[in-house]
Every structure is written in structure tokens, then in C-alpha cells.
Amino acid sequence: MEFDKQMADMPYQFPDASGHFGPHGGVFVAETLMPALAELREAYAACQADPTFMAEFEYELKHYVGRPSPIYHAKRWSETLGGAQIYLKREDLNHTGAHKVNNCIGQALLARRMGKQRVIAETGAGQHGVATATIAARYGMECVVYMGSEDVKRQAANVYRMKLLGATVVPVESGSKTLKDALNEAMRDWVTNVADTFYIIGTVAGPHPYPLLVRDFQTVIGKECLVQMPEMAGRQPDYVIACVGGGSNAIGIFHPYIGAEGVRLVGVEAAGDGLETGRHAAPLTTDAPVGVLHGNRTYLMQDEDGQIIETHSISAGLDYPGVGPEHAWLKDSKRAEYVAATDAEALQAFHDLCRYEGIIPALESSHALAYAAKLAPTLPRDQILLVNLSGRGDKDMHTVAERSGIQF
Amino acid sequence: MSRIQTVFQRLQADGRKALIPFVTAGFPEPALTLPLMRALVDGGADVIELGVPFSDPMADGPTIQRASERALEQGMSLRKVLDTVRAFRAGNAETPVVLMGYANPIEAMGVGNFVAAASEAGVDGVLVVDYPPEECTGFTRAAKAAGLDPIFLLAPTSTEQRFADVAAAGSGYIYYVSLKGVTGSGRLDIDEVARRIPQIRAAVGLPVGVGFGIRDAESARRIGAVADAVVIGSRIIEEIEQAPAGEAVARVHAFMRSIRAALDAIEPATGVKS
Ligand SMILES: Cc1ncc(COP(=O)(O)O)c(C=O)c1O
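Keep in mind that this is a model prediction, so the values were computed, not measured. (Residues numbered from 1 in each chain as written. Chains lettered and ligands numbered in written order. Predicted model: local features only at pLDDT ≥ 70, side-chain atom pairs only at ≥ 80, totals over all residues. Heavy atoms only, no water.)

*Asks:* Describe the overall build of chain A, naming the residues involved and giving the relevant values.
*Replies:* Secondary structure summary: chain A contains 16 helices and 14 strands in total. Over its C-alpha trace chain A gives a radius of gyration of 20 Å, about what one expects of a compact globule, namely 22 Å for 408 residues. C-alpha atoms of chain A, sized along the principal axes, occupy 55 × 50 × 45 Å. The buried share of chain A, taken over its 408 residues, is 66%. When the accessible surface of chain A is summed, it comes to about 14,200 Å², and 53% of that surface belongs to carbon and sulfur atoms. Of the charged side chains in chain A, 36 are positive and 49 negative; the average position of the first set lies 4 Å away from that of the second. (Helix = DSSP H or I, 4+ residues; strand = E, 2+ residues; numbered from the N terminus. Rg over C-alpha atoms; globule rule 2.2 N^0.38 Å. Buried < 20%, exposed > 50% of the residue type's maximum accessible area, 1.4 Å probe, protein only. Areas by Shrake-Rupley, 256 points an atom, 1.4 Å probe, with all protein chains shown as cover. Lys, Arg positive; Asp, Glu negative; His and termini not counted. Charge placed at Lys NZ, Arg CZ, Asp CG, Glu CD.)

Next up, the structure:
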């Protein structure tokens, strides 16, 4: 337990009281929302100090989500790659099929404590929308999910799942009609209905305190790993690898390891058609300019006039022009490294995991797997890579089949 | 004294209310922005708010979103907005122009470059929707040093502490968002506005303009009776959208006249209008 002590002593204290991670983060919203965010900060602080809140959160994670999620040694795949050993943190086994649900439960419990009966969410692939609709059904709350109309078309099955769960899905027709526009629309709803509505943001972005509280609810992933890795492998990993859209699954597994010297943290962004084509979603890897969007300051894909540009990725969940402010800070401070995997590389890893391990990964998670597959052969066999398998690939059947020229 | 201060002092001396129309620069097409600005002045504008289009206008309703998208499709940019103001200023030295937009285009240009260029172009004030005072102290300082008024929003949800923060940072006037919601919504609560304005005016010591949800002569008259200025945005964009080809400028001019007349019919609180 030497390790735990090291964790407890760690000097990493971010965000600061006003929600900044160095120059990133903050509260960049219209005045109407400032009091609501202050109220949220206070409510969250009260919950953190309340053992019954944390106990309820943990109870739900255990009995409703099925935590702790196991760690699995992907032996056959590691053997084939011929280098480092790859271990998978199985967030794909969670109820609803991804890490998103951890955060939804945390925020829904917070909403209940604040007496808000209506929850809203934005969604890209639909995973966060499904998780929010699920929890809203579980707690008997009204639920409205905003989804870009392009994504509504691409993710018909998830739209139907949300409706089955009792949520209203609102297609968003503005802008690029994708995730970022869904987020804009959810913010507009929140401004309008701020008195009775709780906005459940799906990733570690948005105005303070969202990047903080989403992180806190997701760190259960990394905390479990700290305990499980010594049991599984006799020690902590050499690398922790996770895909980065907004960055919630990555921060969830990275954060408990920040103080652990010798553990390299690698975030994998979506390189889409290739970084050189400009058709990607990799603001950190490409050193995009820092700017302000969706309530925080961070690296942002934008043109010379400061207009946000459209992103491209085979995985809707990574198709976002910004990134959570804590990742911007981890990049600046060099505590984490950021790389990118193309659509083609992610698809290759997707198929390999299916064939070698009998696990169908989400396309988002396949980006992390793709980087692990590239890295493993360059390392000795006694090195350990821990990859966050953030979700399962059932939702991606259509996309993958289409790429292979198959029609259902 | 800044152009904005001058305008409010003159209006107060005359017992009149300021009319502040908003148009999105570059909508319906970049070549019409300058004629529209002139029509706004002819129609009785005291200050013009010029919207800087942004790809992600989080605080705007569908009308202004559409206008921003159309403007961007036609290549409008922050630099071109400044060019438009420069051209307007060449023919008008009195009417203040306030830019209203979002932080990212300004940060992309660089705050220092922006305030210098805006001041040089003849801009008078800047309202950045997603810059609450605590997040933009550097910007506020730079703007004031360049002679620009940083204008801030207050909302029905704002606390007295927020009044104080805005009072410390803002100048020119205060923009009171008259409802919870985005631009163009229709839920205007005039009694609520009437109750809040005197509190804000006392706490902040600046003229108070009210906007969001003002759509016609009647709502303008009722808001004008309690506020120092009336801001109208979405409704003007709608006039432009609905105008037959070639008639947008005339439609906006006529609409402005109707609002001006309603505001000028308000009796000064101090006595009977002479
Ligand atoms: C399975 C899965 N992984 C990752 C992501 C990306 O989000 P984040 O970077 O916040 O983990 C998503 C988003 O939809 C997802 O569904």
C-alpha cells in the first residue's frame, strides 16, 4: 500500500477554486447561468462532504451498474503482437455498455438532492443519451436528450433505445448538426429552464464545476485499477492508455495515476482520415489554438477567424472539436502524452479484438486499442499496458458493416 | 467623454429613451450591412449593436442562429465586421456602435490586436456574451485603455453580488436580459423588469438597457417606461428575413420608425411631456 500513500501525498491540486487548470477551464457562460453554476458548486461541495451521498453513489455503482468492472489480460492478442502485455479495463461490461453511466448516476443523484425533476443531456453517438435516459427512468425523472440531426440518422438504434426508456429525443438542426450543436442546444434549454432543470453533461468539458464533478464520478475507474492491477499482474502498469473525445473515460482512469511516477499516461485522439488531411478530431495532438467554447478554455479546432470547424471521426463519440480542460493542462504540464489513431487503425484494432479475444469494442475505445497495438511490439514482454476499454461495440455494428460493404 | 456616455446624457436631458437595434453583421448579405446600419440611424437608433457571427452561438435563439449561419456562409468574419464599422464611421461620427458576440473570434485575433483594431475602426463598446467579468479582467482592462466600453449582461437570476461585480468591470451601459432564455424567446415579464431596473441602476450607476423578448411598439413602450434603453434584435432579423427581395432596408426603416414613435410617446417620469 506504499502506492496509496504516494497517491495521498500527491501535490496535484486542480482545478483551482475558480475552476481553472492553469490557463484552461473556467466559467465562460452567459450571465443567466452564472448563479445556476454557483448553486451547482455549492450543492456538489455539500454532497462531497456528505458520507450518505457517496454511500448511495457507491451502492448504485455496485448493484445497478455492476461494478467493479474487471480487468482482463488480453493474452492471445498480446502474444500475437509480440511485445508488451495488454490488460483491458472492462468498462464495456457496465450496464448500458460504457463508462458514461458512472457519471450519469453521480449527476442524477446530485439533481435529486437539488430538487430538480427534469434532466437534459446532449449526445453524439447516443451512449451518454442512453445512459441519461436509463438513469432518468430509474429515478422517475423527466428526460430530454438533444442530438444533432445527422447523428439521429446515423444512430437510429440508440434513438429508439432512448425512446423506449421514456426520454424525449430532440433532433438539432443548427450548425453542423452534430455533438457540438447538441451541446449548444442543451445549454439553451438550460438557460431557459434553469429553475427546475439539471443539465447532465456527458464529458469533462463545459463550465466549472462540470469538468471537476464529471472527473470525480469517473475516477472510480482508475481507483479500481490501482487495486486490481497488483492483484492481476503483481504491479501497476507502465502505460495507461485511453481514447479522448471530451476526455471523461481517459481522465477517469488517468487521474488516480497522476501522482504515480513511472506510469505513463497516453490519451488517444481521433485522427479520422489522417492528421495531414485536416479531417480529424485531434486538437491536442495537432496543437490546435487555445480558445473558448462550451463554457471553458481549451485547445480547439478552429479556423483563422476563430470559427469552430467540423471534425471527422468514424466514432461519433470522439467527433468533438475541443477537449476537456484538464487534458489541456496535462498536455501543457507534460504529465500525459497525446497521440492519435486514424479511422483505419481503429477499425483494424476493432476487428483484431473481436477475433483474438472475443470482445467487440466500441469504435471510440478501438482508438486506444489501436495505439496499444502500435506500441506493444516496440516494448519488452514484461512491460504492461493498461487500456481503458470504455465501451462495447454493439452500437457500432451498422457503421462497421457499412465500411465492409455489408447491408443488414 | 465616450460616444455612448454622450448619447445617454443627451437623452436623459431630453427625457427620452434610447433605442438600440441589433443586426447580425453580414446578414442577409455582407453588402447590406452598411445600408442597414444607416437605415437604423435614420429610423431613430441611438446606439447600434452589431452582431459578430459565430459558429456556435450558445446564447442565441433560432432567428439569430440562422442569421449567423447565413453571414458565415457568405464569408463574414470579425475583420470584415471591423471594416464595416470603419465604413459606417466615415459617414457618421455620432452614433455609437457596440459589437456583440462571443469570445473565441476575439481570442483568435488576440485581445490586444482586437481592441486596437476595434478602437481604430470606430467601435465604441464590446459585449462578449460568454465573458463574465471574472473571466475577462485582462480584456476589460485592455478595452478600457483603448477607449472601448466593456458592456456586461445582468439577468433575472443575477444576485446583488453579481451587480457589484458588473459595476466594477463595466462601463457604457448595462444590458439587462429581460428573461430566462435565449434571444428571440417570447416570455417577457414586464412587472419583473420594472421591479429590477431601479435596483440595478442604483447598484451599478450606469444606464440600463433591456433586451431579449421585445418585439413590437407595445412591449417597447412598456419596457421604455421603466428602462433607459430598449434593445431589439430577433424581431429586426425577422423583418429582414420576411422582406421581399430588395426591400429589407425599407422594412427595417419602417419598423424602427414605429418603435421610435412608441418610445417618444412615453411621458417622462418627472412630468408631463411638453
Ligand atoms: C464508449 C465510449 N468511449 C469514449 C467516448 C468518448 O467520450 P470521453 O472522451 O468523454 O470518454 C464515448 C462517447 O460517446 C463512448 O461512448
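Text resumes after the structure shown.
*Asks:* Quick rundown of the site of the ligand? Include the residues and the values.
*Replies:* Residue and element names in this part refer to chain A. What surrounds the ligand is a group of 18 residues, the closest being Thr203, Gly245, Gly247, Ser248 and Ser390. Histidine 99 is positioned with one of its side-chain polar atoms (N or O) 3.0 Å from an oxygen atom of the ligand. Between lysine 100 and the ligand, the recorded distance is 3.1 Å, taken from a side-chain N or O atom to an oxygen atom. Broken down by class, the residue content of the shell around the ligand amounts to 5 nonpolar, 11 polar and 2 charged. (Near = heavy atom within 4 Å. Polar contact = N/O pair within 3.5 Å; in protein donor to acceptor, adjacent residues only side chain to side chain. Nonpolar A, V, L, I, M, F, W, Y, C, P; charged D, E, K, R; others polar.)

*Asks:* An account of a nonpolar patch on the surface is needed here, citing residue identities and associated values.
*Replies:* Residue and element names in this part refer to chain A. On the surface, a nonpolar cluster with roughly 320 Å² of combined accessible area is contributed by Tyr160, Leu164 and Leu165. Relative to the helices and strands, leucine 165 resides in the loop between α8 (156–164) and β7 (168–172). Judged by relative accessible area, which is 32%, leucine 165 ranks as partly exposed. (Patch = residues over 30% accessible without salt bridge, like charges linked within 9 Å, V, L, I, M, F, W, Y side chains within 5 Å. Salt bridge = Lys/Arg side-chain N within 4 Å of Asp/Glu carboxyl O.)

*Asks:* I'd like a rundown of helix α10 (residues 217–224) of chain B, residues and numbers included.
*Replies:* The α-helix winds at 3.6 residues per turn, so residues separated by three or four positions along the chain end up facing the same way. Residues and elements named next belong to chain B. Listed as buried for α10 are Ser219, Ala220, Ile223 and Gly224. Looking straight down α10, one finds its buried side chains confined to an arc of 130°; they lie on one side. Looking at the buried side of α10, the elements it contacts are α9 (190–204), β8 (208–211), β9 (229–232) and α12 (248–264). (Arc of directions from axis to C-beta. Contact = heavy atoms within 4.5 Å.)

*Asks:* Tell me about the interface of chain B and chain A, and please be specific about residues and values.
*Replies:* Opposite the 37 residues of chain B that make contact, chain A presents 34 residues. Here chain B meets chain A over a buried area of about 2,800 Å², counting both sides, of which 50% is carbon and sulfur. It is Asp56(B), Met58(B) and Glu135(B) that lose the most area in chain B upon contact with chain A, and together they represent 24% of the buried surface on that side. On the surface where chain B and chain A come into contact, there are 3 salt bridges. Between Glu107(B) and Arg297(A) there is a salt bridge, with the nearest N and O atoms lying 2.3 Å from each other. On the surface where chain B and chain A come into contact, there are 21 residue pairs in polar contact (both at pLDDT 80 or more). The element that contributes the greatest number of residues to the side of chain B that touches chain A is helix α5 (residues 103–109) of chain B, accounting for 5 residues. Classifying every residue of the side of chain B that touches chain A gives 19 nonpolar, 7 polar and 11 charged. (Buried area = accessible area lost by both parts, 1.4 Å probe.)

*Asks:* Explain the packing of aromatic side chains residue by residue, including any values.
*Replies:* The geometry of an aromatic ring pair is captured by the separation of the ring centres together with the interplanar angle, meaning the angle of the planes. The tally for this structure, following the rule as stated, stands at 13 aromatic pairs over all chains. A centroid spacing of 5.2 Å and a plane angle of 45° characterise the contact between Tyr131(B) and Phe139(B), whose relative ring orientation is tilted. Considered together, Tyr131(B) and Phe139(B) belong to a single accessibility category, that of buried residues. Put simply, the rings of Tyr44(A), Phe53(A), Phe57(A) and Phe217(A) pair up and form one aromatic cluster. For Arg138(A), the ring lying beneath its charged end belongs to Tyr64(A), and the centroid distance is 5.5 Å. The aromatic ring of Tyr299(A) is capped on one face by Lys331(A), whose charged end is 5.5 Å from the ring centroid. (Phe/Tyr/Trp six-rings, centres within 6.5 Å; stacked < 30°, edge-to-face > 60°. Lys NZ or Arg CZ within 6 Å of the ring centre and 35° of its normal.)

*Asks:* For unusual backbone geometry, give the residues involved together with the corresponding values.
*Replies:* Of note, the amide linkage connecting Arg67(A) to Pro68(A) takes the cis form, showing an omega dihedral of 0°. Along the polypeptide, Pro68(A) turns up in the loop between α3 (51–65) and β3 (71–73). Following Phe27(B), the chain continues to Pro28(B) via a peptide bond in cis, the omega torsion being 0°. Mapping Pro28(B) onto the fold places it in the loop between β1 (18–24) and α2 (30–42). Not every positive phi belongs to a glycine, and Phe212(B) is a case in point at roughly 80°. Tracing the chain through its elements places Phe212(B) in the loop between β8 and α10.

*Asks:* Could you give an account of the packing of helix α10 (residues 210–218) of chain A against helix α11 (residues 220–233) of chain A, with specific residues and numbers?
*Replies:* All names here are of chain A. Put simply, α10 and α11 touch, their axes get as near as 5 Å, and they point 35° apart. Packed against α10, whose contacting residues are Asp216, Phe217 and Gln218, the element α11 presents Val220, Ile221 and Gly222 at the interface. Per-class residue counts for the contact of α10 with α11 are 3 nonpolar, 2 polar and 1 charged. (Axes fitted to C-alpha atoms, helices over the stretch in contact; angles between N-to-C directions.)

*Asks:* Explain the pairing of β9(B) to me, using residue names and the numbers behind them.
*Replies:* Residues and elements named next belong to chain B. Going residue by residue along β9, you find Ala229 and Val231 tucked away on one face and Val230 and Ile232 tucked away on the opposite face as well. As defined by bridge partners, β1 adjoins β9 across 4 bridges and the pair is classed as parallel. If you follow alanine 18 over to β9, its bridge partner there is alanine 229. (Pairing = 2+ DSSP bridges.)

*Asks:* I'd like to hear about the confidence of the model for chain B, residue by residue, with values.
*Replies:* All names here are of chain B. For chain B, mean pLDDT is 94; residues scoring 70 or higher make up 97% of the total. Every residue in residues 270–274 scores below 50 in pLDDT, and together they form 5 contacts with partners more than four places removed in sequence or on other chains. For this predicted complex, the interface score ipTM comes out at 0.95, while the overall pTM is 0.95. (pLDDT = per-residue confidence, 0-100.)

*Asks:* Explain the pattern of salt bridges to me, using residue names and the numbers behind them.
*Replies:* What the rule picks out here adds up to 46 salt bridges over all chains. Glu56(A) is paired through a salt bridge with Arg112(A); the nearest N and O atoms lie 2.6 Å apart. Highlighted residues: Glu56(A) in helix α3 and Arg112(A) in helix α5 (residues 100–113), separated in sequence by 56 residues. Residue classification places Glu56(A) among the partly exposed residues on the basis of a relative accessible area of 25%. Here Arg112(A) falls in the partly exposed class, since its relative accessible area comes to 39%. When salt bridges that share partners are traced, they join Glu31(A), Glu134(B), Arg162(B) and Asp165(B) into one network.

*Asks:* Before we move on, can you summarise the packing of helix α6 (residues 111–121) of chain B against helix α7 (residues 137–145) of chain B with the specific residues and values?
*Replies:* Residue and element names in this part refer to chain B. In the contact formed by α6 and α7, the axes pass within 9 Å of each other and the chain directions differ by 30°. Classified by the interaxial angle, the pair formed by α6 and α7 is roughly parallel. Between α6 and α7 the crossing geometry is right-handed. Only Phe139, Ala142 and Ala143 of α7 make contact with α6, whose side of the interface consists of Val111, Phe114 and Val115. The residue makeup of the contact of α6 with α7, split by class, is 6 nonpolar, no polar and no charged. (Parallel < 35°, antiparallel > 145°, perpendicular 65-115°, else oblique. Left-handed = near helix turned anticlockwise from the far one by under 90°.)

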